[in-house]
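# Close look at the chain arrangement
For reference, the chains in residue letters:
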Amino acid sequence: MNIDYTVTALMFPAIPLLMSVYSNRFHSLSILIRQLHDEHVYEKHIPPEWKKQFINLSGRITLLRWTILFASFGFLFNMLTVFALYLDEVFAARVIFGSCCLSMIISIVFFIREIQISTNALKLHMSDMDVDVN
């Protein structure tokens, strides 16, 4: 495969878009955690399964942290690929671009796992409501 600037340019719109999605989920989780914290500490309103909720949210935050970290590495490696191409270091550019792709794959796998945990948490949250969805 011949690597040039157009190959690395393919990643430029994708990486910031993914990082924006990840950051929005992180922001939403932080708002939810702050609300639950305020209910627990200030209003002394303690839901029956608050420990499970906080453990779940803590795990999701950790997964999102790793997701954002690997996406950031992907963006950094993409920029380093452009720099290596600028210096005419084609082999180094190939290795670095491979690292970019690998980082993004890992990031997406972490994100998929976070989505699964989030979906299970929502199902658990809705389990006490008497609603027939079929």
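So, here is what we can say about the structure in this document. (Residues numbered from 1 in each chain as written. Predicted model: local features only at pLDDT ≥ 70, side-chain atom pairs only at ≥ 80, totals over all residues. Heavy atoms only, no water.)

### Describing the overall build of the protein
Test applied: Numbering goes from the N terminus for both helices and strands, where a helix is a DSSP run of H or I of at least four residues and a strand is a run of E of at least two. Each residue's exposure class comes from its accessible area (1.4 Å probe, protein chains only) as a fraction of the maximum for that residue type: buried when under 20%, exposed when over 50%, partly exposed otherwise. Throughout, a residue-residue contact means that at least one pair of heavy atoms, one from each residue, lies within 4.5 Å. Note that accessible areas follow from Shrake-Rupley with a 1.4 Å probe, and for residues the cover is restricted to the protein chains shown.
Helix and strand counts for the protein stand at 4 helices and 0 strands. Within the protein, the proportion of its 134 residues that are buried is 25%. Sequence-distant contacts, at least 24 apart, represent 80% of the contacts inside the protein between residues at least 6 apart. Accessible area for the protein stands at about 9300 Å²; split by element, carbon and sulfur atoms hold 67% of it.

### Quick word on helix H2 (residues 11-41)
The condition that has to hold: Expected helix span is taken as 1.5 Å per residue step, with the number of steps being one fewer than the number of residues.
For H2, built from 31 residues, the straight-helix expectation of 45 Å at 1.5 Å per residue is met to within 8% by its first-to-last C-alpha distance of 44 Å. Buried within H2 are the following residues: Met11, Ile15, Tyr22, Leu29, Ser30 and Leu36.

### Some details on the nonpolar core
Short version of the rule: By convention a nonpolar core is built from buried Ala, Val, Leu, Ile, Met, Phe, Trp, Tyr and Cys residues, the set being connected through side-chain atoms within 4.5 Å.
By size, the foremost hydrophobic cluster in this structure holds 18 residues, and its most contacted members are Ile3, Met11, Ile15, Leu29, Ala93, Phe97 and Met104. At the level of elements, H2, helix H3 (50-86) and helix H4 (90-126) are the ones that each hand at least two residues to this core. By residue number, the principal contributor to this core is H3, which donates 6 residues.

### Regarding H3
Across its 37 residues, H3 extends 54 Å between first and last C-alpha, which sits within 8% of the 54 Å expected from 1.5 Å per residue. Asp88, located one to two residues past H3, shows a positive phi value of around 65°.

### So, the side chain of Ser107
For Ser107, the position within the fold is in helix H4. Apart from the residues within four sequence positions on either side, Ser107 is in contact with Tyr22, Thr67, Phe70 and Ala71.

### Some remarks on unusual backbone geometry
Backbone geometry places Asp88, a non-glycine residue, at a positive phi of 65°. By secondary structure assignment, the location of Asp88 is in the loop between H3 and H4. What makes Asp88 exposed here is its relative accessible area of 64%.

### Considerations on the environment of Ala71
By the element assignment, Ala71 lies in helix H3. According to the relative accessible area criterion, Ala71 is buried, its value standing at 0%. Spatially, the C-alpha atoms of Ala71 and Pro16 are 8.6 Å apart, while their sequence positions differ by 55 residues.

### What to know about the environment of Ser23
Along the chain, Ser23 turns up in helix H2. For Ser23, a relative accessible area of 36% translates into the label partly exposed. Measuring from C-alpha to C-alpha, the distance between Ser23 and Arg65 comes to 9.4 Å, with 42 residues separating the pair along the chain.

### Regarding the state of the cysteines
One way to say it: the disulfide is the covalent bond shared by the sulfur atoms of two cysteines. Where we set the bar: Count a disulfide wherever a pair of cysteine sulfur atoms falls within 2.5 Å.
Within the structure shown, the criterion is met by 0 disulfides. There is no disulfide at Cys100, and the cysteine sulfur nearest it, in Cys101, is 5.2 Å away.

### A word on the packing of aromatic side chains
Using the following cut-off: The rule is short: rings of Phe, Tyr and Trp, with Trp giving its six-membered ring, pair when the centres are within 6.5 Å, and they are stacked under 30 degrees, edge-to-face over 60, tilted in between.
On inspection of all chains with the given rule, the structure shows 6 aromatic pairs. When the centroid spacing of 4.9 Å and the interplanar angle of 45° are considered together, the rings of Tyr22 and Phe111 count as tilted. Here Tyr22 is found in helix H2, whereas its partner Phe111 is found in helix H4, with 89 residues between them in sequence. In this structure, Tyr22 and Phe111 share a single accessibility class: buried. Consider the rings of Phe83 and Tyr86, whose centres lie 6.5 Å apart with planes at 25°: the pair is stacked. Placement of both Phe83 and Tyr86 in helix H3 is noted, with a separation of 3 residues, approximately one turn of the helix. Here the aromatic cluster, defined as three or more aromatic residues joined through ring pairs, consists of Trp66, Phe70, Phe73, Phe77 and Phe110.

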